[in-house]
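Architecture at a glance
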Amino acid sequence: MRPWKTRVNADRFQLQLSGKILFEACSLGRGRFCSRSMQDWFDVAKKIDSLVLEAAASAGLENSFSSEIRPADPRFGDLQANGALPYAKRNKNNPRQIAQSLVEKLEANPNLTEHADISIAGPGFINFKFKPSFQLAWLSAFRDRESFKSAAKALHAGEKVVVDYGSPNTAKQMHVGHIRSIVIGEAICRLLEFCGAEVVRDNHIGDWGTPYGKLFYAYKRHLDAKALERDPLEELERLYKLGSKLADDAAVLEECRQELVDLQAGKPESMALWETVNKLSIQGLETIYKELDVHYDCYLGESFYRDKVEQVYQELKDNGLSEESKGAVVVFHPEHPRFKEQPFIIRKSDGASNYATTDLATMLYRNEHFKATSIVIVTDDRQKDHFEQLDLTTKKWFEKTRRQMPKFSHVMFGKINGEDGKVIKSRSGDPIRLRQLIDEAVERAAKIVREKNATLPEDEIKHIAEVIGVNAIKYADLSQNRTSDYIFTWEKLLSFEGNTAPYLLYAAARIQSIFRKLDTDQLADLESKATPFETPEEIALANKIIAFVGVLQSTIEQLRPHLLCTYLFELAGAYSSFYSANKVIVSESDVQARRLLLCQRTLVALQSGLGLLGIPTLQRM
RNA sequence: GGGGCAAUAGCUCAGCUGGAUAGAGCAUCGGAUUUCUAAUCCGAGGGUCGGGGGUUCAAGUCCCUCUUGCCCUACCA
């Protein structure tokens, strides 16, 4: 049930093993190290973890000892190891003494003491504070996005993940309710790719079913061809609503039913119309995806699976998993407290398939056709039961039929509410359209950009406003813990203060503005010109950059993009504090070099992090 | 009825799976600009972590219970 966790534990184990042999820190004077030994320190928490375990072994502690590395309170250090406390408790020892024995071993290891100061505090916390020379060495070794990526790619290398996200219905405008799946799903794809996985982006659109009867009825009689060309989804939605309204009349309803029957029977004329609607719908969806910088590999919607459900019925029946109940075909799970009585309905009593059937067929297709090692589905949390049942059923089905079961993750998210705490709606009572939301955000952004930076040419203002508007929306969603509901307000969405996209974009733009003031040889060879960090702001910023790695891991482990957002906000804050307290362009060349190095690495971390969230940066704003 | 999720500063939210004096942002108040983008920075006030029990060196975090809200609970997706 927790595929992402197992992976990381396995990884940690490997590091423990390698920690014992990989120790030839070759100091090159002034605290610099060759990059080979620094590779080992990419994830400082893991490295410290392996060193503490090593110390525990040589101090004679049992192998039940776990080091429990955490970020420390900055007053005490950068990282802390808390493992002495629970260990002492289990073995009825004095925790302070256990910590003391560990510290003695750690102090005897020059490869650690060169990099960090070790101290012991309170009931037995062990604190590590990195030396400025180590910070400089780390920042010299991990200099760009590529070096981050190559170090991170081991996390999910060799995996093939199908990510199912977005999933709107065709013939309808997308509204605010769709934004979370799109934005969170896309971020997850990028994170997985960054960590070495091969990703298939699949849009499981709702392109089949009962609404088509009403839509076709209205389409044939009330189509506005010009409107369709201008905005296909708007016109199709209008027609569907019209059809629904007209179907209040019994005679019309009968004609709608006939339309549906014709479609399901595959009548050529109906199929042709269905294909037209489908094509126009995807075209309409793609204009918004493009603005959001989301690009799918495939659109395998419900219709794609309609000829694949027979196999599902057959195999579940043949393997004794399904049974008939109240006229429907269902799957119960006797071992489960709830699903022993709550059925997973795979075939309705009228013989038709439903969501469960196509999802089962989808699991099979992703397994057999894509050879997926993992499947991630991004939907709202109301579907939790459904996907738990899908997971349980598929596990049993694949086991009986000797298929490999991929890791399955239902990445769910909460609702977006209005300021009154209720589901957000426009004045007319309909959900707010995504189109309208984006346009308004861009419009408001343009107004602010004009106020703040009147000297920019109009076309650049337009470009900047688009980036800020669209990404303010994305970031507002990503920065929220996905499993909670959250309250949507225009003020918050478009705020240019606090934990928002504009704040981060501004930090990145300021850095680039500094670089524009210098020529290339002033920016070259910063690593060799720089001296170790001295001011509190330099040291704090350097630590924040180094912390990127750990945050990336927990973000991917939990598939929670807000962890990365919180980090980026703190990074931008550390940069702003540094920037206002430390002048970068100064006469001492070594000081200037180390501050420019910090600026450059901050930019790398910001751009990498934002890029993983699907957010580009701006040169100017 | 059964189950799930939530409740943390005036507001919006974090809190890394039990660790040191519970943190941000907004709002309020007070400072900083002859200075590399002030869309910024520094500081102050503001808390019975919904209530009550329990587990232990240590609980916002775990177990029980109560209150309130949202959601799911047989043929929607």
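Per chain, residue numbering runs from 1 following the sequence as it is written. Chain labels run from A onward and ligand labels from 1 onward, assigned in the order the entries are written. Per-residue local features of the predicted model are confined to residues with pLDDT of at least 70, and side-chain atom pairs are confined, for both listing and counting, to 80 or more; whole-chain, interface and lining totals are unaffected and use all residues. Heavy atoms throughout the structure, all of them, feed into the side-chain values; hydrogens and water do not.

**Some details on the protein's contact with RNA strand B**
Near RNA strand B, the surroundings consist of 64 residues, among which Glu-302, Lys-348, Lys-492, Tyr-506 and Ser-513 are the closest. Each residue is tested against the molecule or strand, and it is near if at least one of its non-hydrogen atoms lies within 4 Å. For RNA strand B, the backbone portion of the atoms within 4 Å of the protein, that is sugar and phosphate, comes to 56%. The term polar contact refers here to a pair of N or O atoms within 3.5 Å; inside protein, the definition further demands a hydrogen-donor-capable atom paired with an acceptor-capable atom, and it admits residues adjacent in sequence only when both atoms are side-chain atoms. In the environment of RNA strand B, a base nitrogen lies 3.1 Å from a nitrogen or oxygen atom belonging to the side chain of Arg-75. Between RNA strand B and Ile-585, the relevant distance is 3.1 Å, taken from a base oxygen to a main-chain nitrogen or oxygen of the residue. Comment: elements are numbered from the N terminus, with helices defined as DSSP H or I runs of at least four residues and strands as E runs of at least two. At the level of secondary structure, the elements contributing two or more residues to the surface near RNA strand B comprise strand E1 (69-71), helix H4 (84-91), strand E4 (125-130), strand E8 (328-331), helix H17 (384-400), strand E13 (486-487), helix H21 (501-516) and helix H26 (561-581). If you tally residues by element for the surface near RNA strand B, the top one is H21, at seven residues. Put simply, Ala, Val, Leu, Ile, Met, Phe, Trp, Tyr, Cys and Pro go in the nonpolar bin, Asp, Glu, Lys and Arg in the charged bin, and everything else, Gly too, in the polar bin. Class assignment of the residues belonging to the surface near RNA strand B gives a composition of 24 nonpolar, 19 polar and 21 charged.

**Examining the pattern of salt bridges**
Every case where a carboxyl oxygen of Asp or Glu lies within 4 Å of a side-chain nitrogen of Lys or Arg is listed as a salt bridge. Tallied over the entire structure, the rule returns 43 salt bridges. Here Glu-186 ties to Arg-190 by a salt bridge, and the two come within 2.8 Å at their closest N and O atoms. Here the residue Glu-186 and the residue Arg-190 both occupy positions in helix H9 (residues 179-194), the gap between them amounting to four residues, near one helical turn. Judged by its relative accessible area of 4%, Glu-186 is buried. Arg-433 is the partner of Glu-237 in a salt bridge, and the nearest nitrogen-oxygen pair spans 3.6 Å. For every residue, the accessible area (1.4 Å probe, protein chains only) is compared with the maximum for its type, and the residue is labelled buried under 20%, exposed over 50%, or partly exposed between those bounds.

**Some words on the layout of surface pockets**
The distinction between a cavity and a pocket rests on a 1 Å grid over the protein atoms alone: a 1.4 Å probe fits inside a cavity but cannot get out, while a pocket stays open yet meets protein on both sides within 12 Å along at least five of seven lines, and a residue with an atom within 4 Å of a point counts as lining. Grid points are joined across faces, edges and corners, and a volume is the space filled by probe spheres set on the points. Approximately 1200 Å³ is the volume found for the largest pocket. Along the wall of the largest pocket there are 40 residues; nearest its centre are Arg-70, Pro-71, Leu-79, Ala-547 and Gly-550. Mapped onto the lining of the largest pocket, the elements with two or more residues apiece are helix H1 (3-21), helix H3 (44-58), E1, E4, helix H24 (536-546), helix H25 (548-558) and H26. In the lining of the largest pocket, the residues fall into 19 nonpolar, ten polar and eleven charged. Size it by volume and the second largest pocket reaches roughly 990 Å³. The wall of the second largest pocket is formed by 39 residues, among which His-175, Gly-177, His-178, Asp-380 and Arg-382 lie closest to the centre. Listing elements by their share of the lining of the second largest pocket, those giving two or more residues are H9, helix H12 (232-246), helix H16 (355-368), strand E10 (374-380) and strand E12 (416-417). Per-element tally for the lining of the second largest pocket: the top contributor is E10, with four residues. Here the lining of the second largest pocket is built from residues that sort into twelve nonpolar, 14 polar and 13 charged.

**Notes on the pairing of strand E3 (residues 116-121)**
For E3 and E4, the ladder comprises six bridges, and the chain directions are antiparallel. Paired with Ile-118 across the two strands is Phe-128, which belongs to E4. At least two bridges found by DSSP between two strands is the condition for calling them paired. Counting the residues between successive antiparallel strands, the hairpin from E3 to E4 contains three residues, one of them, Gly-122, with a positive phi of roughly 55 degrees.

**Regarding the side chain of Asp-78**
For Asp-78, the position within the fold is in the loop between E1 and strand E2 (79-81). Only 2.8 Å separates the side chain of Asp-78 from the backbone nitrogen of Phe-130, close enough to count as a polar contact. Residues are treated as being in contact if the distance between any of their heavy atoms lies within 4.5 Å. Beyond its immediate sequence surroundings of up to four residues, Asp-78 is in contact with Arg-70, Pro-71, Ala-72, Phe-128, Lys-129, Phe-130 and Asn-543.

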